[in-house]
Structures are given as structure tokens and as C-alpha cells.
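Residues per chain are reported as follows:
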Amino acid sequence: MTEFDISTGNKTVSKAALAAAQARSLHEWRPVGGNLVTKPFLVLAALALVGVILMLYRYASGLGAVTNLSDGYPWGIWITYDVLVGTALGCGGYAVAILVYAFNRWEYHPVVRSAVLTSVFGYSLAGLAIFLDIGRYWNGYKLFLPWTVNFNSVLVEVALCIGAYVVVLWIELLPTLMERYPGNARAVATRQRLERWLPVIAAVGILLPTMHQSSLGTLMIIAGHKLSPLWQTHLLPFFFLLSAITMGFAVTAFESILSSLAFKRPFETPMLGRLSVCMAWLTLVYLVIRFADLLLRQAPVFTSGFLSVMFIVENLLYLVPVLLLVSPGLRQDLRFLFLAAVSMLLAGSLYRFDAFLIGYNPWPGWHYFPAPAEIMITLGIVAIELMAYLYFVKRFPVLPAEHA
Amino acid sequence: MGLSRRDFLKTAAGSGLALASNLNPAPVLARELVPRLPDALGILYDATLCIGCKACMAACKKYNHLPPELSTPNSLWDDPLDLSAKTVNIIKLYKNGTGLAKDQEINGFSFVRRFCMHCVDPSCVSACPVSALTKDPKSGLVRYNKDNCIGCRYCQVACPYNIPKFQWDQAFPQIVKCQLCDHLIAKGGYSACCEFCPTGASIFGNVQDLRKEARRRLSLKPGEFADYPLQRVDSQHTTRRQVTPYLNHVFGEREGGGTQVLMLANVPFDKLGLPLLPPESQASQSETLYHTLYKGMIVPYVVLGGLFYLIYKNTTGHDLP
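Computed from a predicted structure; not experimentally measured.

Engineer: Would you explain the overall build of chain B in this entry?
Structural biologist: Looking only at helices and strands, chain B has 10 helices and 12 strands in total. Taken across its 321 residues, chain B has 42% of its residues classed as buried. A fraction of 63% describes how many contacts in chain B between residues 6 or more apart in sequence connect residues 24 or more apart.

Engineer: Is there a simple way to think about the sheet that holds strand β2 (residues 90-95) of chain B in this case?
Structural biologist: Residues and elements named next belong to chain B. Pairing within the open sheet is mixed, and its 3 strands lie in the order β2-β4-β3. Since the sheet does not close on itself, it has two edges, and those belong to β2 and β3 (101-102), each with one partner. Across 2 bridges, β3 lies against strand β4 (residues 108-114) in parallel orientation. When the bridges of β4 are listed, Lys 102 appears paired with Phe 109.

Engineer: Before we go on, may I ask you to explain the interface of chain A and chain B in this structure?
Structural biologist: When the parts of a complex come together, some accessible area is lost, and that lost area is often used as the size of the interface. The partner chain B presents 54 residues to the 59 residues of chain A that form the contact. The element that contributes the greatest number of residues to the side of chain A that touches chain B is helix α9 (residues 198-218) of chain A, accounting for 11 residues. The class makeup of the residues in the side of chain A that touches chain B is 35 nonpolar, 19 polar and 5 charged.

Engineer: Looking at this structure, how should I read the domain arrangement of chain B?
Structural biologist: Here the domain parsing of chain B yields domain 1 (2-33 + 297-316) and domain 2 (41-279). Between the C-alpha centres of domain 1 of chain B and domain 2 of chain B there is a distance of 48 Å.

Engineer: I'm lost on unusual backbone geometry in this one. Help?
Structural biologist: A negative phi angle characterises most non-glycine residues, just as the trans form characterises most peptide bonds. Positive phi outside glycine occurs at Lys 264 of chain A, with the angle close to 50°. Structurally, Lys 264 of chain A is set in the loop between α10 (236-262) and α11 (269-297). A positive phi is found at Arg 153 of chain B, a non-glycine position, where the angle reads about 70°. Along the chain, the position of Arg 153 of chain B falls in the loop between β6 (142-144) and α5 (154-158). Assessed through the 25 C-beta atoms surrounding it within 10 Å, Arg 153 of chain B is described here as buried.

Engineer: So what exactly am I meant to see when it comes to the confidence of the model for chain B here?
Structural biologist: Should pLDDT be low for a region, the predicted coordinates there are not to be read in detail. Residue and element names in this part refer to chain B. Confidence in the prediction for chain B averages 89 pLDDT; 89% of positions are at 70 or higher. In this model, residues 16-29 is a region of pLDDT below 50 whose contacts with residues beyond four sequence positions or in other chains number 12 contacts. Complex prediction metrics read pTM 0.89 and ipTM 0.89.

Engineer: Would you take a moment to explain the confidence of the model for chain A for this structure?
Structural biologist: Mean pLDDT over chain A stands at 89; residues scoring 70 or higher make up 93%. Note on residues 1-13 of chain A: pLDDT under 50 across the span, and 25 contacts to partners over four residues away in sequence or across chains.

Engineer: Looking at this structure, I do not really get the sheet that holds strand β1 (residues 41-46) of chain B. What am I missing?
Structural biologist: Whether parallel or antiparallel, the strands of a sheet pair through hydrogen bonds between backbone atoms. All names here are of chain B. Overall, mixed pairing links the 3 strands, which are arranged β9-β1-β12 in an open sheet. Unpaired on one side and paired on the other, β9 (202-206) and β12 (261-264) mark the two borders of the sheet. Averaged over all pairs of adjacent strands, the angle between strand axes in this sheet comes to 20°, irrespective of strand direction. Taken strand by strand, helix α8 (residues 207-219) contacts β1, β9 and β12, and its axis lies near 20° from that of β1.

Engineer: I would appreciate a short explanation of the packing of helix α4 (residues 77-89) of chain A against helix α14 (residues 334-358) of chain A in the present structure.
Structural biologist: How two helices pack is summed up by the angle between their axes together with the distance between the axes. All names here are of chain A. For the pair α4 and α14, the least separation of the axes is 10 Å and the interaxial angle reads 140°. By the angle between their axes, α4 is oblique relative to α14. In terms of crossing hand, the pair formed by α4 and α14 is right-handed. Of the residues in α14, those touching α4 at Ile 79, Thr 80, Leu 84, Val 85 and Ala 88 are Gly 348, Ser 349, Arg 352, Phe 353, Phe 356 and Leu 357. Here the residues of the contact of α4 with α14 sort into 7 nonpolar, 3 polar and 1 charged.

The rules behind each value
- Residues numbered from 1 in each chain as written.
- Chains lettered and ligands numbered in written order.
- Predicted model: local features only at pLDDT ≥ 70, side-chain atom pairs only at ≥ 80, totals over all residues.
- Helix = DSSP H or I, 4+ residues; strand = E, 2+ residues; numbered from the N terminus.
- Buried ≥ 20, exposed ≤ 12 C-beta atoms within 10 Å, placed from the backbone.
- Contact = placed C-beta atoms within 7 Å.
- Pairing = 2+ DSSP bridges.
- Nonpolar A, V, L, I, M, F, W, Y, C, P; charged D, E, K, R; others polar.
- Domains from an automatic or database assignment.
- pLDDT = per-residue confidence, 0-100.
- Axes fitted to C-alpha atoms, helices over the stretch in contact; angles between N-to-C directions.
- Parallel < 35°, antiparallel > 145°, perpendicular 65-115°, else oblique.
- Left-handed = near helix turned anticlockwise from the far one by under 90°.

Here it is, written out as C-alpha cells:
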């Protein structure tokens with residue numbers, strides 16, 4: 001059951017073969033259909049509108065007008081939520097691609113498309129958030145000039161790599177978009193060409209997140225003493241990478257269950273169960289190394305006051321999916337799969353907040369809590385993301401086709 | 001499946017070996033600590049000489065064209081409460097108990113001057129993605145170029161002293177920090193704060209001379225009379241005064257890889273609001289880890305090759321339904 005047929009390298013494809021490919025694909029994925037403009041869609045549109053108005057205000061009046069950012073806390077929720085958590089939630093495409101293409105587990109192939117779709121929006125809107133956050137956005141092109149770019153800067157790796165991955169994700173989504181126009185010869189030809197390039201695209205699509213998700217952790221090494229020893233470690237890149245992959249599995253399961261509920265479609269329980277087991281094993285590896293590192297560094301796990309509480313909550317959330325999914329019985333129960341996924345998403349998100357905001361203290365006297373306008377802009381971005389998702393699953397063959 | 005898994009393990013082992021061989025000689029790969037430049041320029045601030053007159057603050061604002069910060073209710077004086085995008089140099093006060101005795105930790109007080117330390121191995125320069133912050137190869141001064149800056153504020157996250165400040169109230173903001181009056185140095189002058197310091201608490205000069213001067217002061221006996229240069233370390237103008245005790249610590253000689261601004265005081269520096277940093281700079285920690293992973297892009301290319309091989313095998317070897 002593969003969408004891609006690499007072995008047919010000939011350029012002229014017969015009509016019969018095309019029709020067969022189309023039928024095969026429709027067998028695997030189908031648009032949900034139905035009305036686009038529903039009540040939830042309108043609520044999202046209202047949120048998006050408020051967000052966009054506040055974004056315009058930010059460009060007119062500066063960052064101080066809409067955010068509570070300060071010289072002590074120069075990075076707030078736009079970086080921590082929109083970029084760090086947003087791209088980790090966008091790791092579904094990455095995590096599933098590792099399973100399908102690198103580990104040859106084609107049973108997960110049906111969820112590839114919806115995973116890639118969430119990744120496209122997670123990453124594209126993280127890119128938008130970066131443009132809102134940087135103060136001198138008109139100089140952004142300097143990142144691409146060889147005589148200004150600083151290759152000692154971890155942020156360069158993160159920025160270039162995320163930028164490149166957004167492009168790769170859209171390329172990965174292209175076949176889905178092309179399929180909507182089966183009669184269009186150019187769309188069909190483009191699809192055929194993309195399919196021949198699949199090994200390259202998929203390999204780059206796995207390499208790039210491996211690089212930048214780990215580098216997001218490396219970013220904080222240079223903050224040194226400003227980050228609490230509960231999070232400041234040379235293993236930051238490793239923890240960020242591993243938790244991004246587990247969050248990728250979790251978001252795929254989460255999204256599959258929610259869209260089955262929302263569009264009244266059958267659940268993919270057995271497959272999600274196996275996916276969640278992969279997640280649980282990786283989480284266990286993460287926890288073992290995390291605690292070994294803390295022990296070796298003799299980090300003040302229980303004596304850091306509020307930070308200790310946040311640390312314990314974070315790691316309890318990590319523990320939930322491990323405990324839930326070790327027992328084979330619970331794995332077949334959709335409620336526990338959902339609970340495990342939600343817990344994993346919260347754990348990874350809290351880890352990112354802890355490592356960038358909560359555990360970060362530049363010097364006593366500085367405080368940060370996001371301003372209402374700052375939160376509204378983030379909600380607006382999330383609303384745009386959800387609206388785009390709804391549009392694509394209803395109009396394009398993204399979700400797995402229902403099998404009688 | 002079995003074959004593919006074996007292939008995967010083979011490739012994974014290959015990549016792992018490449019990665020391990022890259023990681024293993026970590027001390028060899030570790031970025032060398034940056035040595036001090038022979039012609040580095042800096043400032044020696046001696047808190048025991050400082051009388052808190054803030055002449056340096058007034059001079060700094062004047063010569064760097066910075067606006068006043070009116071924090072008092074009647075808005076009469078430039079009275080900044082902390083460093084900001086409008087204030088790149090500030091005199092602060094440490095006070096304990098009765099606060100009567102100058103330069104004493106208990107029941108005493110001490111002034112402390114805060115401004116850019118001009119690190120030997122600056123975090124901000126390492127962090128800046130677009131080389132908007134650079135270290136002068138001769139004078140070692142850390143400068144800001146707004147024409148490159150994208151306003152990402154990673155320099156603020158990276159700086160252990162929280163020195164770079166951002167214009168939060170501007171639609172077209174800049175980073176603002178002390179550049180040691182490099183515009184005056186270019187014209188043969190020197191930092192305004194030192195030129196206008198009446199007591200010699202801040203003196204400008206070559207960092208090697210400043211270190212010698214700092215060491216000389218630490219070797220003086222409290223109670224005896226000694227000469228202290230005014231304005232510049234090589235100045236002919238000196239002031240004669242009775243030596244007061246010093247803490248045996250030149251802040252900036254080793255902290256975070258060393259700084260070109262050196263400080264003397266008799267109150268522990270962490271009490272004065274300075275972070276106690278390890279001798280290794282944060283920039284070298286970050287770059288060592290980062291360049292170990294990305295040295296010559298070898299590891300990424302090996303991983304990419306392995307992935308391509310695997311995916312090619314997995315996609316072409318797979319039968320159609």
C-alpha cells in the first residue's frame with residue numbers, strides 16, 4: 001500500500017496507470033467534504049481577526065505596546081509557545097515519517113498525510129510568529145548573506161533549518177494538493193515528478209527536524225547561569241529532540257482521535273495503540289537519561305521551591321503515558337490512548353516552557369507573565385492554524401478513507 | 001521487513017560510529033579559550049575610590065546622545081533606576097544594616113558601576129545570528145551595528161551580565177549598549193565616563209596596564225598613602241589618598257573567560273549584583289557543543305546519506321497492492 005511508485009521511472013504514464021494510481025490513492029485518503037463555514041469556524045475566524053488587528057498594532061507601535069517582554073525576559077510566549085511548542089506539535093509529520101520511511105513500517109502510512117498537514121501549519125505559523133517577534137524584521141534577509149551570517153550562532157542553524165523545513169513540508173504536501181485536480185495534466189505530471197524524488201525529499205524531511213529540534217535546546221546553553229540547573233545541561237539538544245519526536249507521535253494520535261470524533265468516522269485504535277507504544281518506549285528512554293543526568297550533576301531537584309514543583313509536574317506528565325501504555329490491555333482502550341497523548345503533549349510543552357521561561361531567571365527582580373494582547377495574538381495564530389486545517393481536510397484527500 | 005531492519009541497524013550503526021568518532025575526542029575539538037588581545041582597551045573601576053557623584057553617568061549621556069530618564073515625580077533630574085535603552089552606564093548602591101561604613105559588607109555601603117564588561121569572549125557576539133555585534137580585532141571592544149541587527153534579542157538571552165537593552169517602545173527598535181565611546185577613541189579621545197571621573201574611580205587604558213594597576217592596588221597596605229592615576233592609567237595626573245582595604249579579587253580577570261572592564265571593591269561582587277561566573281565563557285560552552293555536532297557538516301551529511309539509502313530501499317523494494 002504505497003502511494004509512491006518509484007520503480008516506474010518512465011516519463012510517459014499511461015492513462016490506465018494514472019487512473020489506477022488515482023483509485024489507489026482515493027482508496028487510502030479522501031476529502032471529508034461538508035460545509036466549511038460552520039459555527040466553530042466562525043468563532044475561529046473572530047479570534048483570527050482580533051489577532052490580526054493586534055498584529056498590525058504591534059507593527060505600528062512596537063513590541064512594548066502589546067507584550068510584557070522586558071530586557072530581563074526578552075523572549076516570551078511567542079517564542080516559547082508559537083515557535084518551541086508550535087514546531088514540536090508540528091513534529092507529527094517528522095515522527096511518522098521516521099516510522100514509515102526509515103523503519104519501513106507502512107502500516108502507519110494512512111496517517112502520513114494528516115500528520116504532514118498539521119506539520120505544515122505548525123511550522124508555517126511558527127515562521128509567522130518569528131516575524132512578529134523579531135524587532136528589525138526588515139533586516140531578516142541578512143541571515144542569508146554569507147558576509148553577515150554568523151555560523152557560531154546556534155540561532156542561525158535554527159532559523160535556516162526551520163526555514164528550509166517549511167519549504168520541504170509544503171513540497172511533501174504538494175501531492176495531496178495535486179490530487180484534487182486529477183484532470184489537470186500539469187498537476188499529474190508534477191505529482192509524478194515529486195514521487196520520483198520521494199527518497200530525497202523524505203530523507204531531507206527527516207534530517208532537518210533532527211537538526212533544528214535539537215538546536216532549539218542548544219539555544220539555551222549560552223544562557224548559562226540564567227537557566228536553573230534543573231534544565232541547564234549539555235544534554236539539552238538531546239532532550240529537545242527526543243521530546244519533539246514523542247510529541248510528534250502524541251499529536252498524531254491526538255489529532256486522529258479528535259478528527260474521528262468531529263467528523264464521525266471510525267477510530268484507528270489498533271494502529272494508534274502501536275504508535276503510542278513507540279512513544280512510551282522513547283519517553284522511558286528520555287526519563288532514564290534525564291534523571292541520570294540530574295543525578296550526575298547533583299541538581300537541586302527538590303530544593304528549588306516553585307521550580308521544583310514545576311519540575312515534578314513536568315516529569316509526572318511524562319510518566320503518565322509510560323505507565324498507561326505498559327499494560328497491553330489499556331493500549332486497546334481509546335480513552336487511555338487519548339489520555340496518554342494529551343499527557344505527553346502537556347509534558348513536552350511544559351518542558352519547553354520550563355527550559356525557556358519558567359526556569360529562566362536573568363537576575364532577581366525580573367518577572368514575566370504574557371500581556372492579554374500577547375496571548376490574543378498567539379490565540380489568533382492558533383485559530384488561523386485550525387481554520388486552515390479544517391479547510392484542507394474537508395476539501396483535499398488528507399484523512400484516511402473509511403473502509404467498509 | 002527483516003532485511004530492512006537489518007539494513008536500518010547497519011546504517012544506524014554506521015551513522016552512530018561516525019557520530020561517536022566525532023564526539024569522542026571532545027577535548028581536542030573543544031573550541032580554544034580566547035586569549036586576551038595585546039592592544040585591548042578597557043576600564044578599571046575601583047569602588048573604594050567611587051564617591052557616587054554620577055559624573056560618569058552625566059558624561060555618558062552627553063557624549064552618547066542618550067535621553068534622560070525622569071523617574072522622580074517632579075521630572076526634574078535624569079534619575080534612571082537601572083540600565084535601559086536610554087542608560088548604558090549606571091552607579092548603583094549596595095547597603096547593609098546601618099549602612100554607615102563605606103566599602104564594608106556588614107553595616108556598610110558600597111557603590112558599584114554597571115556597564116558593558118567588553119568580554120574577552122563575548123556571549124552576545126557568539127549568539128548574534130547576523131554579526132550585528134562584533135568584537136574589534138584590535139581594541140577588543142564589543143560594538144553594535146544596527147544595519148545588520150534583526151532584533152531577535154538572543155544577545156539579551158546570552159549576556160551573563162544582562163547588558164544589551166532593547167527599545168521596546170519603538171516601532172523600529174534598536175539594541176543599545178555601552179561601546180566604550182569608540183567614537184571618541186577613533187578621534188584620539190577616550191571614554192567620557194573616565195574623562196569626567198573626579199576621583200580616579202574609573203580609569204581608561206590598555207587592559208594589560210589596567211591589570212597591573214589593579215594588582216598594584218591590591219598589594220598596597222591599608223592605611224598608607226598612595227598615588228592613584230586620574231582619567232587614564234598612563235596619566236601624569238594622580239591623586240594621593242589613604243589606601244582602604246580591598247577584597248583580594250580583580251573581577252573580570254577570569255570571570256566568564258575574562259572581561260576588558262576590571263573591577264575592584266571591598267564588598268563581595270555577588271553582593272554588588274555581579275554574577276559569579278565559571279572561568280570558561282558561555283560562548284565557548286555553546287560553540288564547543290554546537291561545533292562538535294556540526295563540525296564540517298560531516299554528521300548531518302552522513303545521517304542524510306544513511307536516511308536516503310534506507311528510504312530508497314524501503315520505497316522501491318515495497319510491492320504495490
